[in-house]
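# Summary of the model geometry
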Amino acid sequence: MDSLTHLVAGALTPLAFPHMPKRAAILGFGIAVGELPDMDVLFGVSPEALLMLHRGITHSLIWQPVLALVAVLPFFIWMQCKSISDAGPCRGPCAAPGERGPGLASMYLMALFALYTHIYLDCMTTFGTQIFLPFSDIRVGFPAMFIVDLLLTVPALILLIKAWRQQAVPLEPAIGHTLPGRPGYAVFPAGTRKLARIGLAWILLYPLAALGINTALTASANATAEDGVTTFLTEPLFPLMWKRVDDLGDRFAVSTRNLLGLEAAPAVV
């Protein structure tokens, strides 16, 4: 998928988890983790090398727990130190040292979710992703979405903006996520989590729905075809618009269709 979609998915992830502090840093961390597997583009010294390396080892399923740990540990330590240094003297009862924010386990699970969401989205495009490295270099790709899909990204982006603008809620000392009298100890409210979870659900379910539509179209076309094989390719506005390719043996017939049933005249190549 495109970088904007990965950015939105990464930013929504920490907002969906409970007890995440109301800080811009936590949103930036979600964005960074959501984009982390694409660091392989930095090693493509040529267009050919980029095609070979992209969606390679950094997108492997078995490496994501390692990437999550590498990303979380320095950020978690920095966040804990920052919480202590900018807090100032405590006025009133203070939370225990281990209750100054989300725990390491929560941060790790959040990062892992963002990383696997990135891999999932990439697998839903036909470019293919080498998720089984180093055991196999097979590229897994499904014809669910075009590399840029506004119907996926725009609704999720709107939900992200609305979620971030929700008023923060300070927590009581008994819950263990606020230091009374110290600035900065508030968490995202339930409304934020609800909007973020709706956004993540859209990001996860939309590709499955698009893949189902593509599968149904392909099965229907091939069931009624007398000869040849029909394939439907994703377009930027799929499933509102798609490209039909009929393999007629010695030639291809390419036509564009949309959800209203309108069909452009096929081009034979």
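Residues numbered from 1 in each chain as written. Predicted model: local features only at pLDDT ≥ 70, side-chain atom pairs only at ≥ 80, totals over all residues. Heavy atoms only, no water.

### Let's talk about the nonpolar core
Formed by 41 residues in total, the largest nonpolar core has its most connected members in L12, I26, F29, M107 and M145. Counting only elements with at least two residues in this core, the list comes to helix 1 (3–16), helix 2 (24–35), helix 4 (64–85), helix 5 (104–123), helix 6 (150–164) and helix 7 (190–224). Beyond its immediate sequence surroundings of up to four residues, L12 is in contact with A156, L160, A196, G199, L200 and I203. (Core = buried A, V, L, I, M, F, W, Y, C linked by side-chain atoms within 4.5 Å. Buried < 20%, exposed > 50% of the residue type's maximum accessible area, 1.4 Å probe, protein only. Helix = DSSP H or I, 4+ residues; strand = E, 2+ residues; numbered from the N terminus. Contact = heavy atoms within 4.5 Å.)

### Some remarks on the packing of helix 5 against helix 7
One can describe the packing of helix 5 onto helix 7 by two numbers: an axis separation of 11 Å at closest approach and a directional angle of 25°. Relative to helix 7, helix 5 is oriented roughly parallel. When the axes of helix 5 and helix 7 are compared, the crossing they make is left-handed. Here helix 5 contributes F113, T117, Y120 and L121 to the contact with helix 7, which in turn contributes L200, I203, L204, P207 and L208. Broken down by class, the residue content of the contact of helix 5 with helix 7 amounts to 8 nonpolar, 1 polar and no charged. (Axes fitted to C-alpha atoms, helices over the stretch in contact; angles between N-to-C directions. Parallel < 35°, antiparallel > 145°, perpendicular 65-115°, else oblique. Left-handed = near helix turned anticlockwise from the far one by under 90°. Nonpolar A, V, L, I, M, F, W, Y, C, P; charged D, E, K, R; others polar.)

### Considerations on helix 2
With 12 residues, helix 2 should reach 16 Å at 1.5 Å per residue; the first-to-last C-alpha distance of 17 Å fits that figure. Buried residues of helix 2: I26, L27, F29, G30, V33, G34 and E35, and no others. (Expected span 1.5 Å × (residues − 1).)

### Points about the environment of T230
On the secondary structure map, T230 appears in strand 3 (residues 229–234). Note on T230: relative accessible area 3%, which makes it buried. A distance of 2.5 Å separates the side chain of T230 from the side chain of D246, its partner in a polar contact. (Polar contact = N/O pair within 3.5 Å; in protein donor to acceptor, adjacent residues only side chain to side chain.)

### Points about the side chain of T125
Topologically, T125 is positioned in the loop between helix 5 and helix 6. On the basis of relative accessibility, which here comes to 2%, the residue T125 falls in the buried class. A distance of 2.9 Å separates the side chain of T125 from the backbone oxygen of D122, its partner in a polar contact.

### A few points about the confidence of the model for the chain
Overall, the predicted model of the chain reaches an average pLDDT of 81, with 77% of residues at or above 70. Across the chain, element-level confidence peaks in helix 1 with a mean pLDDT of 96 and bottoms out in strand 6 (residues 267–268) with 54. Across residues 86–100, where pLDDT falls below 50, the model places 28 contacts with residues more than four positions away in sequence or in other chains. This model gives residues 173–184 a pLDDT under 50, and the stretch forms 36 contacts once residues within four places in sequence are excluded. (pLDDT = per-residue confidence, 0-100.)

### So, a nonpolar patch on the surface
A cluster of nonpolar side chains, I57, L61, I62, W63, V66, V70, Y116, F132, F135 and I138, forms an exposed patch at the surface whose accessible area comes to about 940 Å². Along the polypeptide, I57 turns up in the loop between helix 3 (47–53) and helix 4. Owing to a relative accessible area of 42%, I57 belongs among the partly exposed residues under this scheme. (Patch = residues over 30% accessible without salt bridge, like charges linked within 9 Å, V, L, I, M, F, W, Y side chains within 5 Å. Areas by Shrake-Rupley, 256 points an atom, 1.4 Å probe, with all protein chains shown as cover. Salt bridge = Lys/Arg side-chain N within 4 Å of Asp/Glu carboxyl O.)

### Things to note about the pattern of salt bridges
Taken as a whole and judged by the stated rule, the model has 2 salt bridges. Two residues, D122 and R55, come together in a salt bridge whose shortest N-O distance is 3.6 Å. Note that D122 is positioned in helix 5 and R55 in the loop between helix 3 and helix 4, a separation of 67 residues in sequence. Each member of the pair, D122 together with R55, is buried.

### Structural notes on the packing of helix 1 against helix 6
Between helix 1 and helix 6, the shortest axis-to-axis distance is 10 Å and the interhelical angle comes to 35°. Judged by the sense of rotation from one axis to the other, the crossing of helix 1 with helix 6 is left-handed. Contacts between helix 1 and helix 6 pair L4, T5, V8, A11, L12 and L15 from the former with L152, T153, A156, L157, L160, A163 and W164 from the latter. Across the contact of helix 1 with helix 6, the residue classes break down as 11 nonpolar, 2 polar and no charged.

### Concerning the packing of aromatic side chains
In this description, an aromatic ring pair is defined by two values, namely the gap between the centres and the angle between the planes. Evaluation of the coordinates by the stated rule reveals 5 aromatic pairs. On the basis of an interplanar angle of 15° and a centroid distance of 4.3 Å, the ring pair of F29 and F75 is categorised as stacked. Taken together, the residues F29 in helix 2 and F75 in helix 4 connect sequence positions 46 residues apart. Take F29 and F75: they sit in the same class, and that class is buried. Both rings, one in W164 and one in F188, keep their centres 5.6 Å apart while their planes meet at 50°; by these two values the pair is tilted. Here F188 lies in the loop between strand 2 (186–187) and helix 7 and W164 lies in helix 6, a separation of 24 residues in the sequence. (Phe/Tyr/Trp six-rings, centres within 6.5 Å; stacked < 30°, edge-to-face > 60°.)

### As for helix 7
Between the first and last C-alpha of helix 7 there are 50 Å, a value that for 35 residues agrees with the 51 Å anticipated at 1.5 Å per step. Among the residues making up helix 7, those that are buried are T192, L195, A196, G199, L200, I203, Y206, P207, A210, L211, N214 and A221. Where helix 7 is buried, its residues touch helix 1, helix 5, helix 6, strand 3 and strand 4 (241–247).

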